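# Residue-level structure breakdown
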2 protein chains.
Amino acid sequence: MTHYFSSDFKLGILGGGQLGKMMLYDTRKFDIQTFVMDPNPEAPSRVSCNYFEVGSLMDYDTVMAFGKKVDLLTFEIESVNVKALEDLEALGKKVYPSAATLQKIQNKATQKSFYDHNQIPTAQFQIFQNLTALKKGVSEGNINFPFVWKSATGGYDGKGVSVIKSKEAIHNLPDVECIAEDLVDFKTEIAVIVSRSVSGEIKSYPVVEMEFHPEANQVEYVLCPARISEDVASKARELARKVSSKFEHVGLLAIEMFVTKNDDILVNEVAPRPHNSGHFSIEGSFTNQFEQHLRAILDLPLGSTESKTNAVMVNLVGDDNYTGDVFYEGIEEIMALPGVTPHIYGKRETRPFRKMGHVNIIHSDISEARAIAATVKSKIKVISKKS
Amino acid sequence: MTHYFSSDFKLGILGGGQLGKMMLYDTRKFDIQTFVMDPNPEAPSRVSCNYFEVGSLMDYDTVMAFGKKVDLLTFEIESVNVKALEDLEALGKKVYPSAATLQKIQNKATQKSFYDHNQIPTAQFQIFQNLTALKKGVSEGNINFPFVWKSATGGYDGKGVSVIKSKEAIHNLPDVECIAEDLVDFKTEIAVIVSRSVSGEIKSYPVVEMEFHPEANQVEYVLCPARISEDVASKARELARKVSSKFEHVGLLAIEMFVTKNDDILVNEVAPRPHNSGHFSIEGSFTNQFEQHLRAILDLPLGSTESKTNAVMVNLVGDDNYTGDVFYEGIEEIMALPGVTPHIYGKRETRPFRKMGHVNIIHSDISEARAIAATVKSKIKVISKKS
């Protein structure tokens, strides 16, 4: 058995954003040596790992060279060079989640086809190789309006996704591989994070509910547990298990789902890593999602996914009128509210809708927690510094 | 108001041991810039701060130079040069806890006299300037056996403390300023951590119970809450408040107390910093002690000190038969137990009874938590590496 604690073992993490940064807290707690690579020399993770290097995550040679330095490689972002991961595996390097899992997820067209092949319910969709093909589909009457356009690659935080209501709107879309998806008339968006270790031990977190910001198409609140019936929750957990078992992932798999007006559940998309919908777990759960990801990929026993108490997470995104050195207006005020913990990602510059941090609110009563979350949202503003 | 979050504000921490390391996790969460100094280039904090430097904490010039680089100075160990802290304050530098508070605590003879002056109940004691004076006191029949000998300075983790049962045993003691204290016939050792902010906001953690290792004179288990009557707990909290108000400290004050056979409460000693008796709070409390220390010294609102769930902490100390590169035997096994989180301090070398980490066990039922703690203790061994 490999020994990770205060040893020479080296964990490599591709990507140095906030997800990596929060994962690093738990590597420190276990005193696991960490190597992080990110293209941005100011990446949030830079000061929390043992070794940081600047490099492109999409460049084959760069990822190969980085991977060879470590004993086990993981990632905190899907946009990494999969071929390099494959070749590192072929050289006997441990890569979790595997190249094969990431390959099925990285491209949304591939991901959607995977659901179809595996009888996993998802919104109806068509795949188009480029904008010309999409336009042809529209002009031939094969697509109904409105529909959801999704770029096959490169989308995150609501980017690369648009609701297209008319023929004219198509002309503003970029010329990339894409999918056109039926607009689901859902009543709730939910998510389940499933953890699966190298040995195949599986534990799922409770179903959470995601409330979206109406304009920015970004999650504004995450509630744990979701305010849904036990029946629907149990169907969602079951479906999440099925998705997890089909992907045969190692590590976390965050499964975002729609609950339709008829209480049907459709898989929207998945992410093979710690996820925004799991941030509540830092203060809310017996084992937070970052520690759980580490336990899973290191093949340690998984921790309990039960909640210590109910929780709501509020995303802190840049106010749309400010760009520049960040200033968290009102943060002292929200810290006076009971059970409120801000998590600041460490990005110096704010931009409209940029994810700058999140705030967890824990409370035994979920309605109380949601009410405090609304207060938090109204009091804190991510603007630029007045100094 | 000063802005701490993703700003140019610089927090300095004297000492880079495990307490500093754990405090740094919370500075990362808030993205507060940190400067740490420790004499040991391999100190646990070295990889968790923004800037680390090697330097003597007792050297006046070194502490002055370090203090001038930062906006606010705190410490994670009492053995620092108090004169330098005083002079930094005179230059207008913020130092929390203050030099005046530390001065009253650093020397145990001064600390005990302070209790006497302030009508704070404590075990009877006499102060001796050196070994000769102590011997004289004994030969003149002013001290009864057995008594507790404590070095006035430099003691920690049970070092610098001995129970002296006979005249002969005195000859093995070092020639230092010391106190001779009545041996208290206590039934329980307890502690309360009081947090007090710059503005004077005060919040106390629940009373915890400390179970000692019979040989090493080190705390083996800490239970939150203590298994004592509500009456005794309330008396203890009241006394802790009084001690806190007399010291007028800023930051945390950990107050260790004895509960005598008659349910009287005596103050044993205090520490003006995060404390071993508060480690349970990392998983157990709404606000952990390290975050609370930061909130207090930065004059942010204090967080809730309530427990999310009951907790027991187990200290991980080096097995007495091993010295060398550390190896945590059985750690995978204990991680399979419910609600168990190991915290590894990041010291490469184990030595007999060296504090290497701790394990938190959380459970809604304190007896269950204590039972799991015993299992943890029996399964994990801190030995040296076989590789």
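A quick note: this is a predicted structure, and the numbers were derived from the prediction, not measured.

## Some remarks on the relation of the copies chain A and chain B
- Each copy superposes on the other: chain A lies on chain B with an RMSD of 0.0 Å after a rotation of 180 degrees and an axial shift of 0.0 Å. The two molecules are tied by a two-fold rotation axis, judged by turn and shift. Closest approach to the rotation axis among the C-alpha atoms of chain A is made by Ser48 of chain A, whose C-alpha sits 2.8 Å away.
- Interface overlap between copies: 100% of the residues of chain A at the interface are likewise at the interface in chain B, consistent with a symmetric, same-surface contact.

## Remarks on the side chain of Asn268 of chain A
Residues and elements named next belong to chain A.
- Tracing the backbone through its elements, the reader meets Asn268 in strand 15 (residues 265–271).
- The class of Asn268 is buried, set by a relative accessible area of 11%.
- Discounting chain neighbours no more than four positions away, the residues touching Asn268 are Gln111, Tyr115, Lys150, Glu181, Glu189, Glu256, Met257 and Phe258.

## Examining the environment of Val163 of chain A
Residues and elements named next belong to chain A.
- With respect to the secondary-structure elements, Val163 resides in strand 8 (residues 161–164).
- Between the C-alpha atom of Val163 and that of Phe147, which follows or precedes it by 16 residues, the distance is 5.8 Å.
- If sequence neighbours within four positions are ignored, Val163 has contacts with Pro146, Phe147 and Leu183.

## Side note on the pattern of salt bridges
- Evaluated as defined, the whole model comprises 43 salt bridges over all chains.
- Measuring nitrogen to oxygen at the nearest pair gives 2.8 Å for the salt bridge that ties Lys112 of chain A to Glu181 of chain A. Highlighted residues: Lys112 of chain A in helix 5 (residues 108–117) and Glu181 of chain A in strand 9 (residues 178–182), separated in sequence by 69 residues.
- You can call Lys112 of chain A buried: its relative accessible area is 3%.
- Classification of Glu181 of chain A by relative accessible area gives buried; the value is 3%.
- In this structure, Glu211 of chain B engages Arg227 of chain B in a salt bridge whose closest nitrogen and oxygen atoms are separated by 2.9 Å. Here Glu211 of chain B is found in strand 12 (residues 208–212), whereas its partner Arg227 of chain B is found in the loop between strand 13 (219–224) and helix 7 (230–247), with 16 residues between them in sequence.
- Accessibility expressed as a relative area gives 46% for Arg227 of chain B, which makes it partly exposed.
- When salt bridges that share partners are traced, they join Asp26, Lys29, Glu291 and Arg295 of chain A into one network.

## Let's talk about empty space enclosed by the protein
- Counted by the stated rule, this structure contains five cavities of 30 Å³ or more.
- Estimated volume of the largest cavity: approximately 480 Å³.
- Contributing elements (two or more residues each) for the lining of the largest cavity: helix 1 (18–29), helix 8 (281–284) and helix 9 (289–297) of chain A together with helix 1 (18–29), helix 8 (281–284), helix 9 (289–297) and strand 18 (340–344) of chain B.
- Among the residues making up the lining of the largest cavity, the classes are represented as 10 nonpolar, 10 polar and 10 charged.
- Of the volumes computed, that of the second largest cavity is approximately 50 Å³.
- Looking at the second largest cavity, the residues that line it are Phe286, Thr287, Arg295, Gly303 and Ser304 of chain A together with Met335, Leu337, Pro338, Gly339, Val340 and Thr341 of chain B.
- For the lining of the second largest cavity, the residue count by class is five nonpolar, five polar and one charged.

## Section: the interface of chain A and chain B
- In this complex, chain A contributes 44 residues to the contact, which on the side of chain B involves 44 residues.
- Taken together, the connections running from chain A to chain B amount to two salt bridges.
- Its salt-bridge partner being Arg348 of chain B, residue Asp8 of chain A comes within 2.9 Å of it at the nearest N-O pair.
- Remark: the boundary between chain A and chain B carries 16 residue pairs in polar contact (both at pLDDT 80 or more).
- Contributions of two or more residues to the side of chain A that touches chain B are made by helix 1, helix 9, strand 17 (324–329), helix 10 (331–335) and strand 18 (340–344) of chain A.
- In terms of residue class, the side of chain A that touches chain B is made up of 20 nonpolar, 11 polar and 13 charged.

## A word on the UniProt feature "binding site: ATP" (unreviewed entry) in chain A
All names here are of chain A.
- Sequence positions flagged by UniProt for "binding site: ATP" (unreviewed entry) are, in local numbering, Lys108, Lys150, Glu181, Asp182, Leu183, Val184, Glu189, Asn268 and Glu269.
- Turning to its location among the elements, Leu183 is positioned in the loop between strand 9 and strand 10 (186–196).
- Within the secondary structure layout, Val184 lies in the loop between strand 9 and strand 10.

## Remarks on the pairing of strand 15 (residues 265–271) of chain B
All names here are of chain B.
- With respect to burial, strand 15 is a largely interior element, seven of its seven residues being buried.
- The sheet contact formed by strand 14 (residues 251–260) and strand 15 spans six bridges and is antiparallel. Note on strand 15: the bridge partner recorded for Ile255 is Val270.
- The turn linking strand 14 back onto strand 15 is made up of four residues, and Asp263 within it adopts a positive phi angle of 65 degrees.

## Points about the sheet that holds strand 9 of chain A
Residue and element names in this part refer to chain A.
- Pairing within the open sheet is antiparallel, and its four strands lie in the order 6-9-7-8. Both outer strands of the open sheet, strand 6 (125–128) and strand 8, are each paired with one neighbouring strand and no more. Each adjacent strand pair in this sheet contributes to an overall mean axis angle of 25 degrees, direction not counted.
- Examined bridge by bridge, strand 7 (residues 147–151) and strand 8 share four bridges and lie antiparallel to one another. Its bridge partner being in strand 8, Phe147 is matched across the sheet by Ile164.
- Packing of helix 5 onto the sheet brings it into contact with strand 6, strand 7, strand 8 and strand 9, and relative to strand 6 it is tilted by some 140 degrees.

## Digging into the domain arrangement of chain A
All names here are of chain A.
- As assigned here, chain A comprises domain 1 (10–95), domain 2 (124–181) and domain 3 (186–384).
- The straight-line distance from the C-alpha centre of domain 1 to that of domain 3 is 23 Å.
- Listed per partner, the contact involves 19 residues of domain 1 and 20 residues of domain 3.
- Overall, the association of domain 1 and domain 3 removes approximately 1700 Å² of surface from exposure, summing both partners, and the carbon and sulfur fraction of that is 67%.
- Applying the counting rule to domain 1 against domain 3 returns two salt bridges.
- Ionic pairing is found between Arg273 and Glu78, a salt bridge with its closest N-O pair at 2.7 Å.
- In this structure, the connection of domain 1 to domain 3 is made through seven residue pairs in polar contact (both at pLDDT 80 or more).
- At the level of elements, helix 1 and strand 4 (72–75) are the ones that each hand at least two residues to the side of domain 1 that touches domain 3.
- For the side of domain 1 that touches domain 3, the leading source of residues is helix 1, giving eight residues.

## Looking at the packing of helix 3 (residues 82–90) of chain B against helix 4 (residues 99–106) of chain B
All names here are of chain B.
- Contact geometry of helix 3 with helix 4 gives a least axis separation of 9 Å together with a crossing angle of 165 degrees. The orientation of helix 3 relative to helix 4 falls into the category roughly antiparallel. Between helix 3 and helix 4 the crossing geometry is left-handed. For the pair formed by helix 3 and helix 4, the contact residues are Val82, Leu85, Glu86 and Glu89 on the first element and Ala99, Leu102, Gln103 and Gln106 on the second.
- Its residues assigned to classes, the contact of helix 3 with helix 4 shows four nonpolar, two polar and two charged.

Parameters at a glance
- Residues numbered from 1 in each chain as written.
- Chains lettered and ligands numbered in written order.
- Predicted model: local features only at pLDDT ≥ 70, side-chain atom pairs only at ≥ 80, totals over all residues.
- Heavy atoms only, no water.
- Least-squares fit on C-alpha atoms with pLDDT ≥ 70 in both.
- Contact = heavy atoms within 4.5 Å.
- Helix = DSSP H or I, 4+ residues; strand = E, 2+ residues; numbered from the N terminus.
- Buried < 20%, exposed > 50% of the residue type's maximum accessible area, 1.4 Å probe, protein only.
- Salt bridge = Lys/Arg side-chain N within 4 Å of Asp/Glu carboxyl O.
- 1 Å grid on protein atoms, 1.4 Å probe; cavity = no way out; pocket = protein on both sides within 12 Å on 5 of 7 lines; lining within 4 Å.
- Points joined across faces, edges and corners; volume = space filled by probe spheres on them.
- Nonpolar A, V, L, I, M, F, W, Y, C, P; charged D, E, K, R; others polar.
- Polar contact = N/O pair within 3.5 Å; in protein donor to acceptor, adjacent residues only side chain to side chain.
- UniProt positions renumbered as here; feature names shortened; annotations may be inferred.
- Pairing = 2+ DSSP bridges.
- Axes fitted to C-alpha atoms, helices over the stretch in contact; angles between N-to-C directions.
- Domains from an automatic or database assignment.
- Buried area = accessible area lost by both parts, 1.4 Å probe.
- Parallel < 35°, antiparallel > 145°, perpendicular 65-115°, else oblique.
- Left-handed = near helix turned anticlockwise from the far one by under 90°.

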